[in-house]
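Read off the chains here:
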Amino acid sequence: MADITRRSLRPGRPVLPPAALRATLRELFGEGAEAVRVIEYSWFARLHLRAIATTRRRRIYLRGGAAAFFADPTFVLHEYFHVLGQWEPRRLSVWKYCVEHFRRGYWDNRFEIEAREYADDHRHRYCALLARREAEERSRHA
Ligand SMILES: [Zn+2]
């Protein structure tokens, strides 16, 4: 209980993805993936009402813990796509997102549709790459 209280008062903590995951993301998204910082238990994410994550340039802010995030391929692909496919090429901005959100809501706005499609389209390849990288990691440490 005390731990939960202390944790909720922290401003958020950057967490490095596991090595196999970093290698997979680099392979899928290119070098830019290395520059993305994942911040867990983020107050910034909590400000976004119901959101479980929110993104900015080079940042993924998680409401909860990073371990659960890293374990969910669809979630990882979705959020990394927001950062590397939308924020980095500057197709997405706070203003553009707000306009889309106002016009179409969360589910139907084009940034969310695109991120969901990306995650669906790349999930199999991601899981195959990750499994290979994890096997390599295990044999390296065996
Ligand atoms: Zn999204």
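The text that follows walks through the structure, step by step, so that each part is easy to find. What you see is a predicted model, and the numbers here were worked out from it, not measured in a lab.

### What to know about the coordination of the zinc ion
The protein atoms that coordinate the zinc ion are His78 (NE2), His82 (NE2), Glu112 (OE) and Glu112 (OE), at distances of 2.0 to 2.7 Å. Classification of the site at the zinc ion as irregular follows from its 4 donor atoms and the range of 52 to 144° in their angles at the metal. All donor residues of the zinc ion come from one chain, and their arrangement in sequence is H-x3-H-x29-E. Here His78 pairs with His82, and both are found in helix H5 (residues 73-87), just 4 residues apart, close to one helical turn. Accessibility classification places His78 together with His82 in one group, the buried group.

### With respect to the pairing of strand E4 (residues 59-62)
Successive side chains on a regular strand alternate, one facing one side of the sheet and the next facing the other. Note that strand E2 (residues 37-40) and E4 share 3 bridges and pair parallel. Within E4, the residue paired with Ile39 across the bridge is Tyr61. As paired elements, strand E3 (residues 53-56) and E4 share 4 bridges and run antiparallel to each other. Residue pairing for E4: Thr55 is matched across the bridge by Ile60. Counted along the chain from E3 to the antiparallel partner E4, the turn is 2 residues long, and its residue Arg58 has a positive phi close to 60°.

What counts, and where the lines are drawn
Per chain, the residues get numbers from 1 upward, laid out in the order the sequence is written. For a predicted model such as this one, the threshold for reporting local features is a pLDDT of at least 70, and the threshold for listing and counting side-chain atom pairs is 80 or more; totals across whole chains, interfaces and linings nevertheless cover every residue. Derived side-chain values reflect all non-hydrogen atoms in the structure, with water molecules and hydrogen atoms excluded from consideration. Coordinating N, O and S atoms are those within 2.8 Å of the metal (3.2 Å for Na, K and Ca), and as water is not part of the atoms, a site may appear to have fewer donors than expected. In this scheme the shape depends on donor count and angles: four donors with every angle between 85 and 135 degrees give tetrahedral, four or six donors with opposite pairs above 155 degrees and others between 65 and 115 give square planar or octahedral in turn, and any other case is irregular. A run of DSSP states H or I qualifies as a helix once it reaches four residues; a run of E qualifies as a strand once it reaches two. Both are numbered from the N-terminal end. Burial classification: accessible surface area is computed with a 1.4 Å probe over protein chains only, and a residue below 20% of its type maximum counts as buried, one above 50% as exposed, and the rest as partly exposed. Criterion used throughout: strands pair if DSSP finds at least two bridges between them.

Shape descriptors only; they carry no functional weight alone.
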